[in-house]
There are 2 protein chains.
Amino acid sequence: MYGVILAGGSGTRFWPLSREEYPKQLLKIFGNQSLIQATLSRIADLIPSNQTYIATNPSQAEQIKFQLKPSREGPHFIYEPMGRNTAAAIGLAATYLRKRFQDGVMAVLSADHFIREPQVFIEALRLGESLADEGYLVTLGAKPTRPETGYGYIQKGKPFPNQPGASTVQRFVEKPNRETAEQYLKREDHFWNTGIFLWKISTILAEIKQFVPELSEGLKEIEQKIGTAEEAEALARVYPTLPSISIDYAVLEKSDRLAVISTDMGWEDVGSWSALDEVIERDENGNILTGNVVNIGSSNSIIYGQKRVVAVVGLKDIVVADTEDATLICSKDKAQEVKKVVEALKGRNGDEHRVHRTVIRAWGSYTVLEEGRDYKIKRILVNPRARLSLQMHHKRSEHWVVVAGTARVTCGESVYTIQANQSTFVPMGVKHRLENPGDEPLQIIEVQSGNYLGEDDIVRYQDDYGRVEAKKG
Amino acid sequence: MYGVILAGGSGTRFWPLSREEYPKQLLKIFGNQSLIQATLSRIADLIPSNQTYIATNPSQAEQIKFQLKPSREGPHFIYEPMGRNTAAAIGLAATYLRKRFQDGVMAVLSADHFIREPQVFIEALRLGESLADEGYLVTLGAKPTRPETGYGYIQKGKPFPNQPGASTVQRFVEKPNRETAEQYLKREDHFWNTGIFLWKISTILAEIKQFVPELSEGLKEIEQKIGTAEEAEALARVYPTLPSISIDYAVLEKSDRLAVISTDMGWEDVGSWSALDEVIERDENGNILTGNVVNIGSSNSIIYGQKRVVAVVGLKDIVVADTEDATLICSKDKAQEVKKVVEALKGRNGDEHRVHRTVIRAWGSYTVLEEGRDYKIKRILVNPRARLSLQMHHKRSEHWVVVAGTARVTCGESVYTIQANQSTFVPMGVKHRLENPGDEPLQIIEVQSGNYLGEDDIVRYQDDYGRVEAKKG
C-alpha cells in the first residue's frame, strides 16, 4: 500500500498559532506530536516511509521537513505549485505513483486530522485495502458522536457480505443544518465523511479520465516530463491550468464503484478553535489552559499562552491565543470568523498572517526580536554543522554577538572563529557566511543597521540548500 | 493657596497598563495628558507650581518627574517612605507646609482623578478657599449622575447663607448597595465624596492633634528635623510608625467644622477598567478601541492594544489590555478582580506586577527585549547631554551597538566616541560609562553576556543623580 498525505492548508483557522506558512498540521496543541507527525506515526507500521508521499506547497515544505526530518528513503515530497483543490492534488500524486510503481492501492490521508483510536483506523485501512484491490473507491466514514453541522456526511447502502463494516454508498450529503444533523445521529446510517480514501492508482486515474477529462489530459502532460529536466517547468506551467475541483464533487458523487467503511475511530477534523473542546480534555471548570496563564474564575474557555503573561478574569466561552507578535481573543461561538481576521491582516503592512516571528529555515531558525527605524534585531539559531549561504547585502551591515556555541565567520577574504561573548562586524556590501562548525547549536544576536532592512536585500553566491535565488538565509 | 497632590497608588487596578512603579496617575488612556499632568494643568492658574507639592513614594517619583519635568521652582516633592494612608500623608504635607509658609489654605487633590469640567472645579476651589479661611474643613462633593456603588457619599446639611453651593455636612456614608444608591440619586441631597479637601494648615494640624494625638506626635518629631541633615533619617524612622488611617475616618467623621461644596464638575475616580466607559466616548458599537486592533463584530468592549496585533472576534462586555510582556482579558463585570491577578503575579518569579518592560530612568530609559540563558538584550535610550553612572559589573560583559545618535564611551582608561552602526565591548570587571554628548537622543542595543544578569550586579563610582548605592543606571 502507498500513502499520500495531503498537507496544504491556509493557516487561517488556528491563527495566530497557525500562519500561512505554518498551518494547522504543524501545531502541537492537540497532543505531544503535531498533527502531521501523528499522521505519519499512525501509518508507520502499515506503510513504509519510502512508499509515503507528502503533497504540499513549497512555502510550507521547509517547516514540514523541520518537523519530520525525512531521510533519503522517505517520506517523499510532491510539490503543488499552487493550491488547485483535492482532485488535482490526488491526481498528481496518483500520476507520480503510477510512474514509479505502475499500480497498487493508495491511501489518501489528510495531514491535519485527529484520530483518537489509531488501532481502529489501521484496521479500517486494512479492510479498505482489500476492497480497493477489488476496484472500489473506498471512503472511511466515522460514526457521529454529536449532531455536528460542520462536517459532510455519507449515507451507507447495502452491507458487503463477509466484509463487516463495509457497505455500498447510498449518497453523499453536504454539511447539514442542526435539525437534519440530529436526525442523522438518530438514524445510525449516516457517517461523517472523513475525506480519507483508498483506491488503486489505476482505478482513480481511470475515473478521473472518465469524469474530468481535462484534468486527465493535464496530468498526462506532466507525467511525460517526470524524471526529465523539464519536470519542474511542466509542473509550473500545467498545474495552475488544471480544474480546481474537489475529488468528492469531481469523481465520488458520479462513480458507481463506491464503498464506505463505517468506523468508530474518534475521528475529528478540528476545524476551528472551538473544536478543540472535542479533542482535548478540559479541567474541572471546563477550561483548556496552556502556557504562562493566570486565571481568576474563568470557565469553558480555551487559553493558549506562551512565555508572556496572559491573565484572564471571569471569562466564559472565550478563546484566547497569544503569540509573540499577535493575540486573538474570540467568542467561542464565533470561532469560524477567525479567518476574517486573517483577511483583514492581509490588507495591512505586517507579516502576522503569513509567518511567525520565529521562521524555520533548512539551517536552523531566526526570530525578529525588534524592528526600529534603521535597525532590526534577530536571534539566529544555526543547527550543528549547518551553515547559511555565502551572501551579501547591498543596504545593511550586520553586528553579530555570539551568545552560545561557536561561529565560523567568513567576511570578505577572512575566515575566523568566534565564541560566546565575542562579536564581529559585517560591513555593507561584503560577502559573508555564518557557519556552525560545532556539535552544539550556535546562537547569535544580530543587529542589522541600514535604511532598508527587507529580507529581499540578499545576493546568494553559494548555498547548501539550493537557494541561490530564493529566500533569506 | 497651596496645592498638595496625593500621588501614591498601588498600580493594580489598571494592570497591565499600570504597574506598582507605574500607577494609574501616569496613564494617558483617559485623554491627551496623563491624569497627574491633567491635575497640574487644571490648578496651574490658581496655584503656582512653587506652591504645589506632590506627595509620593521614591519608587514612583522617577516616572512622575519624567512626565512632569519639574523645575527648581516646582512642583516640589514630598517623599513618603511607605504608604501609611491619607491621614499620615496629609499630615506630613501640612507639616512641611507649616515649616515653610507657617499658615494658609491648602487644597488636597488626588493625582488620579478625572474631571470633565475644569472650570467648574476651579470655581469650587475658590469658594472652598474662602470657607477654609474661616476655619472650615471643606470637602468637594460631586453631583451623582448614576446610582454608583463604588463611591462614598456625603449628605449635605443646611446651606450657608450667601455661599451658594456650600452647606454643612449631615453625614458621611460608606459605599452603598445598589438600592440605596438609587435612593440617593433621587433625593438630590447626597453627593459623591471626591476626597478633594480644602482647609488651613493650622486647622487640619489642630484637628489631627485633637483626634489622632499619636499621629500629631510623630509629625512633630519629623518637623523638628526638616531642613537638617537628619531629615531623611527621621522620616524613614518615624513615618512607618504613624497610624495607618484615612483622613475621613481619622478626622472628618469626628469634626464639627465641616462644610461641603456641591459641584457638577464631571468628577470620576475611574477605579477600574470598566469605569473607563464613564469617561471616554465609545464608538457606535459601544467599543473603546486603541492601538493595533483588528475587530470583527465586538461590542461594548474596551480594547487597549499597542504595537502588537490584537484581534478580537465577537466579544461582548470584555476588557482587553495588551502590553509588551503581559495581556489582560477580563469580563467587564469582574474588573474589580484584576487586583487578584496582581496578587498572583507577586507570588511568582517575574516582574510583570512591578515594572513595565520599558523602565524610565533619570537619564532616559531602557527596555528588556529578550532574556535568554546567559544573555539579555536591552534597548537603551539616553537623553541628550545625559549620562549613566560610572559603573562596573562583576558578572557580565556588555556589547553595545549604536543604532541612533552619538555615544561617548568610557571603558577602563579609554574615552572614545562611536556613532550609529558602530559597536564597542565592555569586558566584565571594567569601569565604564555611557554618555550622550549630542543634542539628539542616543539609542543603543546592549547584549549582556554572563551567567548572572540581575540589575543588582552594579557598582557605582560616580552618578549625576545621586544614586551611588541605588538602582540600575
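For clarity, every value in this text was computed on a predicted model and none was experimentally measured.

Peer 1: For this particular structure, what's the right way to read the overall build of chain A?
Peer 2: Within chain A, the secondary structure is distributed over ten helices and 28 strands. Scaling as 2.2 N^0.38, a compact globule of 473 residues should have a C-alpha radius of gyration of about 23 Å, and chain A matches this with 25 Å. Considering only C-alpha atoms, chain A reaches an extent of 75 × 65 × 40 Å along its principal axes. The burial tally for chain A puts 58% of its 473 residues in the buried class. At a minimum sequence separation of 6, the contacts of chain A that also span at least 24 residues come to 68%. Of the roughly 19,600 Å² of accessible surface on chain A, 46% is carried by carbon and sulfur atoms. Looking at charge distribution, chain A has the averaged site of its 58 positive side-chain charges lying 2 Å from that of its 62 negative ones.

Peer 1: Teacher, can you tell me more about the relation of the copies chain A and chain B here?
Peer 2: Both copies of the chain are related through a single rotation about an axis accompanied by a shift along the same axis. Aligned on chain B, chain A shows an RMSD of 0.1 Å; the corresponding rotation is 180 degrees and the shift along the axis is 0.0 Å. Such values leave the two copies arranged in the relation of a two-fold axis. Among all residues of chain A, the minimum C-alpha distance to the rotation axis is found for Leu-369 of chain A, at 3.4 Å. In this assembly, 100% of the residues forming the interface of chain A have copies in chain B that are likewise at the interface, indicating an isologous arrangement.

Peer 1: Would you take a moment to explain the UniProt feature "domain: Mannose-6-phosphate isomerase type II C-terminal" (unreviewed entry) in chain A for this structure?
Peer 2: Feature annotation in UniProt places "domain: Mannose-6-phosphate isomerase type II C-terminal" (unreviewed entry) on residues 350-463 of chain A, given in this structure's numbering. Summarising residues 350-463 of chain A: 0% helix, 56% strand, and an end-to-end C-alpha distance of 28 Å.

Peer 1: It is not clear to me how the side chain of Thr-327 of chain B should be interpreted in this structure. Could you clarify?
Peer 2: Tracing the backbone shows Thr-327 of chain B in strand S17 (residues 326-331). Not counting chain neighbours up to four residues away, the residues in contact with Thr-327 of chain B comprise Arg-308, Val-309, Val-310, Ala-311, Asp-322 and Thr-327 of chain A together with Trp-15, Pro-16, Arg-308, Val-320, Ala-321 and Asp-322 of chain B.

Peer 1: Quick question: what am I supposed to make of the domain arrangement of chain A here?
Peer 2: Domain parsing of chain A yields domain 1 (2-269), domain 2 (273-339) and domain 3 (358-462). Distance from the C-alpha centre of domain 2 of chain A to the C-alpha centre of domain 3 of chain A: 36 Å.

Peer 1: What is the right way to read the interface of chain A and chain B from this model?
Peer 2: By convention, interface size is frequently given as the accessible area that disappears when the constituent parts associate. In this complex, chain A contributes 52 residues to the contact, which on the side of chain B involves 52 residues. Each partner contributes to the roughly 4,100 Å² buried at the junction of chain A and chain B, and carbon and sulfur atoms together form 60% of this total. Seen at the junction of chain A and chain B, the total is four salt bridges. Among the elements that take part in the side of chain A that touches chain B, strand S17 (residues 326-331) of chain A stands out by supplying six residues, more than any other. Of the residues in the side of chain A that touches chain B, the class split is 27 nonpolar, twelve polar and 13 charged. Sheet analysis places S17 of chain A next to strand S15 (residues 309-313) of chain B, joined by five bridges and oriented parallel.

Peer 1: Just checking my understanding: could you explain the sheet that holds strand S16 (residues 318-322) of chain B for this structure?
Peer 2: What links the strands of a sheet is backbone hydrogen bonding, and the strands pair in either a parallel or an antiparallel sense. One open sheet holds the six strands; their spatial order is S13(A)-S15(A)-S17(B)-S16(B)-S14(B)-S12(B), and the pairing between them is mixed. Among the strands making up the open sheet, the edge pair consists of strand S13 (293-296) of chain A together with strand S12 (288-290) of chain B. Looking at each pair of strands side by side, their axes are set apart by 10 degrees on average, direction ignored. On the sheet, helix H10 (residues 338-346) of chain B packs against S13 and strand S15 (309-313) of chain A together with S17 of chain B and is oriented at approximately 135 degrees with respect to S13 of chain A.

Peer 1: Even after reading the chapter, I still don't get helix H5 (residues 178-187) of chain A, so can you show me in this structure?
Peer 2: An α-helix turns once every 3.6 residues. As a result, residues three or four positions apart point the same way. The N-capping residue of H5 of chain A, defined by a side-chain oxygen 3.3 Å from the backbone nitrogen of Glu-179 of chain A, is Asn-177 of chain A. Among the residues trailing H5 of chain A, Glu-188 of chain A stands out with phi positive, at a value near 65 degrees.

Peer 1: Can you walk me through the sheet that holds S15 of chain B in this structure?
Peer 2: In spatial order, the strands read S12(A)-S14(A)-S16(A)-S17(A)-S15(B)-S13(B); together these six strands make up an open sheet with mixed pairing. One side of each edge strand has no neighbouring strand; the edge strands of this open sheet are strand S12 (288-290) of chain A together with strand S13 (293-296) of chain B. Neighbouring strand axes in the sheet, compared pairwise and without regard to direction, differ in orientation by 10 degrees on average. Note that strand S16 (residues 318-322) of chain A and S17 of chain A share five bridges and pair antiparallel.

Peer 1: Would you mind showing me how to read the confidence of the model for chain A here?
Peer 2: In low-pLDDT regions, the fine details of the predicted coordinates are not to be read closely. Across chain A, the average pLDDT comes to 94, with 99% of residues at or above 70. Across the interfaces of the predicted complex, the ipTM metric reaches 0.90, alongside a pTM of 0.90.

Peer 1: I keep staring at the UniProt feature "domain: MannoseP isomerase/GMP-like beta-helix" (unreviewed entry) in chain A and nothing clicks. Help me out?
Peer 2: Under the feature "domain: MannoseP isomerase/GMP-like beta-helix" (unreviewed entry), the UniProt entry names residues 291-345 of chain A. Between the end C-alpha atoms of residues 291-345 of chain A there is a gap of 25 Å, over a span that is 15% helix and 42% strand.

Peer 1: Where do I start with the pairing of strand S7 (residues 153-159) of chain B in this structure?
Peer 2: Residues in a regular strand project their side chains so that they alternate between the two faces of the sheet. All names here are of chain B. Two strands pair when backbone bridges link them, and S7 and strand S8 (residues 166-173) are joined in this way by five bridges, in the antiparallel orientation. Bridge pairing in S8 links Tyr-153 to Val-173. Connecting the antiparallel pair S7 and S8 is a turn made up of six residues, with Asn-162 showing a positive phi of about 65 degrees. As judged from the three bridges shared by S7 and strand S9 (residues 190-200), these two strands associate in the antiparallel manner. By the bridge assignment for S9, Tyr-153 is matched with Trp-192.

Peer 1: What's the story with the pairing of S8 of chain B in this structure? I'm lost.
Peer 2: Where S8 of chain B meets strand S10 (residues 258-263) of chain B, two bridges bridge the pair, whose relative direction is antiparallel. By the bridge assignment for S10 of chain B, Ala-166 of chain B is matched with Ile-261 of chain B.

Peer 1: Teacher, can you tell me more about the packing of helix H3 (residues 85-101) of chain B against helix H6 (residues 201-211) of chain B here?
Peer 2: To characterise two packed helices, one gives the angle between the axes of the helices and the distance between these axes. All names here are of chain B. It is the contact of H3 with H6, at a shortest axis distance of 10 Å, that shows an interaxial angle of 130 degrees. With respect to their mutual orientation, H3 and H6 come out oblique. The crossing of H3 and H6 is left-handed. Listed contacts from H6 to Ala-87, Ile-90, Gly-91, Ala-94, Thr-95, Leu-97 and Arg-98 of H3 are Ile-201, Ile-204, Leu-205 and Ile-208. Classifying every residue of the contact of H3 with H6 gives eight nonpolar, two polar and one charged.

Peer 1: Teacher, can you tell me more about the side chain of Asn-436 of chain B here?
Peer 2: Residue and element names in this part refer to chain B. Relative to the helices and strands, Asn-436 resides in the loop between strand S26 (432-435) and strand S27 (442-449). From its side chain, Asn-436 meets the backbone nitrogen of Gly-438 in a polar contact 2.9 Å long. The residues touching Asn-436, leaving out its near neighbours within four places in the chain, are Val-382, Asn-383, Pro-384, Arg-385, Ala-386, Thr-406, Pro-441 and Leu-442.

Peer 1: How should the packing of aromatic side chains be read in this particular structure?
Peer 2: Given two aromatic rings, their pairing is described by the distance between the two centres and the angle made by the two planes. Residues and elements named next belong to chain A. Applying the stated criterion to the full structure yields 24 aromatic pairs over all chains. Ring geometry for Tyr-136 against Phe-160: centres 5.0 Å apart, planes inclined by 75 degrees, an arrangement best described as edge-to-face. With a gap of 24 residues between them, Tyr-136 in the loop between helix H4 (118-133) and strand S6 (137-142) and Phe-160 in the loop between strand S7 (153-159) and strand S8 (166-173) connect regions that are remote in the sequence. By relative accessible area, Tyr-136 is classed as partly exposed at 24%. Judged by relative accessible area, which is 11%, Phe-160 ranks as buried. Cluster of aromatic residues (ring-pair linked, three or more members): Phe-14, Phe-30, Trp-273 and Tyr-304. Here Lys-395 stacks its cationic end above the ring of Tyr-452, 5.4 Å away from the centre of that ring.

Peer 1: When you look at the pattern of salt bridges in this model, what are you seeing that I'm missing?
Peer 2: One pass over the structure, following the stated rule, counts 65 salt bridges over all chains. Between Arg-13 of chain B and Asp-112 of chain B there is a salt bridge, with the nearest N and O atoms lying 4.0 Å from each other. With a gap of 99 residues between them, Arg-13 of chain B in the loop between strand S1 (2-6) and helix H1 (35-43) and Asp-112 of chain B in the loop between strand S4 (105-110) and strand S5 (114-115) connect regions that are remote in the sequence. With a relative accessible area of 15%, Asp-112 of chain B lands in the buried category. Members of the salt-bridge network, linked through shared partners, are Arg-13, Lys-24, Asp-112 and Asp-269 of chain A.

Peer 1: How should I be thinking about the environment of Asn-285 of chain A in this particular structure?
Peer 2: All names here are of chain A. With respect to the helices and strands, Asn-285 occurs in the loop between strand S11 (267-268) and S12. Of the residues examined, Asn-285 reaches a relative accessible area of 39% and is grouped as partly exposed. Between the C-alpha atom of Asn-285 and that of Val-430, which follows or precedes it by 145 residues, the distance is 59 Å. Each residue touching Asn-285, except ones within four places of it in the same chain, is listed here: Ser-298, Ser-299 and Asn-300.

Peer 1: Just checking my understanding: could you explain the state of the cysteines for this structure?
Peer 2: A covalent bond between the sulfur atoms of two cysteines is what we call a disulfide. Summed over all chains, the structure comprises zero disulfides over all chains. The thiol of Cys-330 of chain A is unpaired, and the distance to the nearest cysteine sulfur, on Cys-330 of chain B, comes to 18 Å. Given a relative accessible area of 0%, Cys-330 of chain B falls into the buried group.

Calculation notes
Residues numbered from 1 in each chain as written. Chains lettered and ligands numbered in written order. Predicted model: local features only at pLDDT ≥ 70, side-chain atom pairs only at ≥ 80, totals over all residues. Heavy atoms only, no water. Helix = DSSP H or I, 4+ residues; strand = E, 2+ residues; numbered from the N terminus. Rg over C-alpha atoms; globule rule 2.2 N^0.38 Å. Buried < 20%, exposed > 50% of the residue type's maximum accessible area, 1.4 Å probe, protein only. Contact = heavy atoms within 4.5 Å. Areas by Shrake-Rupley, 256 points an atom, 1.4 Å probe, with all protein chains shown as cover. Lys, Arg positive; Asp, Glu negative; His and termini not counted. Charge placed at Lys NZ, Arg CZ, Asp CG, Glu CD. Least-squares fit on C-alpha atoms with pLDDT ≥ 70 in both. UniProt positions renumbered as here; feature names shortened; annotations may be inferred. Domains from an automatic or database assignment. Buried area = accessible area lost by both parts, 1.4 Å probe. Salt bridge = Lys/Arg side-chain N within 4 Å of Asp/Glu carboxyl O. Nonpolar A, V, L, I, M, F, W, Y, C, P; charged D, E, K, R; others polar. Pairing = 2+ DSSP bridges. Axes fitted to C-alpha atoms, helices over the stretch in contact; angles between N-to-C directions. Polar contact = N/O pair within 3.5 Å; in protein donor to acceptor, adjacent residues only side chain to side chain. pLDDT = per-residue confidence, 0-100. Parallel < 35°, antiparallel > 145°, perpendicular 65-115°, else oblique. Left-handed = near helix turned anticlockwise from the far one by under 90°. Phe/Tyr/Trp six-rings, centres within 6.5 Å; stacked < 30°, edge-to-face > 60°. Lys NZ or Arg CZ within 6 Å of the ring centre and 35° of its normal. Disulfide = S-S within 2.5 Å.

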